[in-house]
Amino acid sequence: RDSNAHIRAMCIKWLGESTIQRPDIFLCDKYLKYFGWLMSDKSPLVRIESLNGLLSPFKYNEFQVNTDQNNFEIDVSLMEHVVNKFLSRMSDCIIDTNSEVQGVAMKLMLALLKEGFMDEV
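On a predicted model such as this, the values are computed, not experimentally measured, just so you know.

**Student:** Tell me about the pattern of salt bridges, and please be specific about residues and values.
**Tutor:** It is possible for side chains bearing opposite charge to pair when their charged atoms get close. Summed over the entire model, instances satisfying the criterion amount to three salt bridges. Here Arg22 makes a salt bridge to Asp24, at a shortest N to O gap of 2.7 Å. The class of Arg22 is partly exposed, set by a relative accessible area of 39%.

**Student:** Give me the confidence of the model for the protein: which residues, what numbers.
**Tutor:** Caution is warranted with low-pLDDT regions, since their predicted coordinates should not be read in detail. Taken as a whole, the protein shows an average pLDDT of 92; of its residues, 96% reach a score of 70 or greater. For the protein, the element scoring lowest by mean pLDDT is helix α4 (residues 44-66), at 92; helix α6 (residues 99-114) scores highest, at 97.

**Student:** Explain the packing of aromatic side chains to me, and be specific about the residues and the numbers.
**Tutor:** Throughout the structure, instances matching the rule amount to four aromatic pairs. Centre to centre, the rings of Tyr34 and Trp37 are 5.1 Å apart; their planes meet at 85°, and the pair counts as edge-to-face. Here Tyr34 pairs with Trp37, and both are found in helix α3 (residues 29-38), just three residues apart, close to one helical turn. The partly exposed category is assigned to Tyr34, whose relative accessible area is 36%. For Trp37, a relative accessible area of 47% translates into the label partly exposed. Taken together through their ring pairs, the aromatic side chains of Trp14, Phe26 and Tyr31 make up a single cluster.

**Student:** Requested: an account of the packing of helix α1 (residues 5-21) against α3, with residues and values cited.
**Tutor:** Close contact between α1 and α3 brings their axes to 10 Å; oriented N to C, the two are set at 140°. Considered as vectors, α1 and α3 are oriented oblique to each other. In the crossing of α1 with α3, the sense of the turn from one axis to the other is left-handed. Counted together, Ile12, Leu15, Gly16 and Thr19 of α1 and Tyr31, Leu32, Tyr34, Phe35 and Leu38 of α3 form the full contact between these two elements. Taken together, the residues of the contact of α1 with α3 sort by class into seven nonpolar, two polar and no charged.

Cut-offs used in this document
- Residues numbered from 1 in each chain as written.
- Predicted model: local features only at pLDDT ≥ 70, side-chain atom pairs only at ≥ 80, totals over all residues.
- Heavy atoms only, no water.
- Salt bridge = Lys/Arg side-chain N within 4 Å of Asp/Glu carboxyl O.
- Buried < 20%, exposed > 50% of the residue type's maximum accessible area, 1.4 Å probe, protein only.
- pLDDT = per-residue confidence, 0-100.
- Helix = DSSP H or I, 4+ residues; strand = E, 2+ residues; numbered from the N terminus.
- Phe/Tyr/Trp six-rings, centres within 6.5 Å; stacked < 30°, edge-to-face > 60°.
- Axes fitted to C-alpha atoms, helices over the stretch in contact; angles between N-to-C directions.
- Parallel < 35°, antiparallel > 145°, perpendicular 65-115°, else oblique.
- Left-handed = near helix turned anticlockwise from the far one by under 90°.
- Contact = heavy atoms within 4.5 Å.
- Nonpolar A, V, L, I, M, F, W, Y, C, P; charged D, E, K, R; others polar.

Listed below in structure tokens is the structure:
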């Protein structure tokens, strides 16, 4: 782990962008686990970027639908294992000490609910 929170935040932000650009490579447990781990980072900046990274495939798909783009849709079901593993941490972020973390966590939980990830919870 890098000692500088800004470097950790930039790295996880880049990984989030990569899941959109190349979901065939980066939308798998091998990379998604880093989002889960960094949701517990001591820096709110890193926690926000981690949650945004998990939220980004859902936002991308919603944008595609709302703008009638003919681009591909990201298969968010590939995130199921990581979501199940870190769901309790995601829900804990809703009551984080930082209000911005809380807001992004709520958006992520709503996206998960909308996509059926919490049907069995």
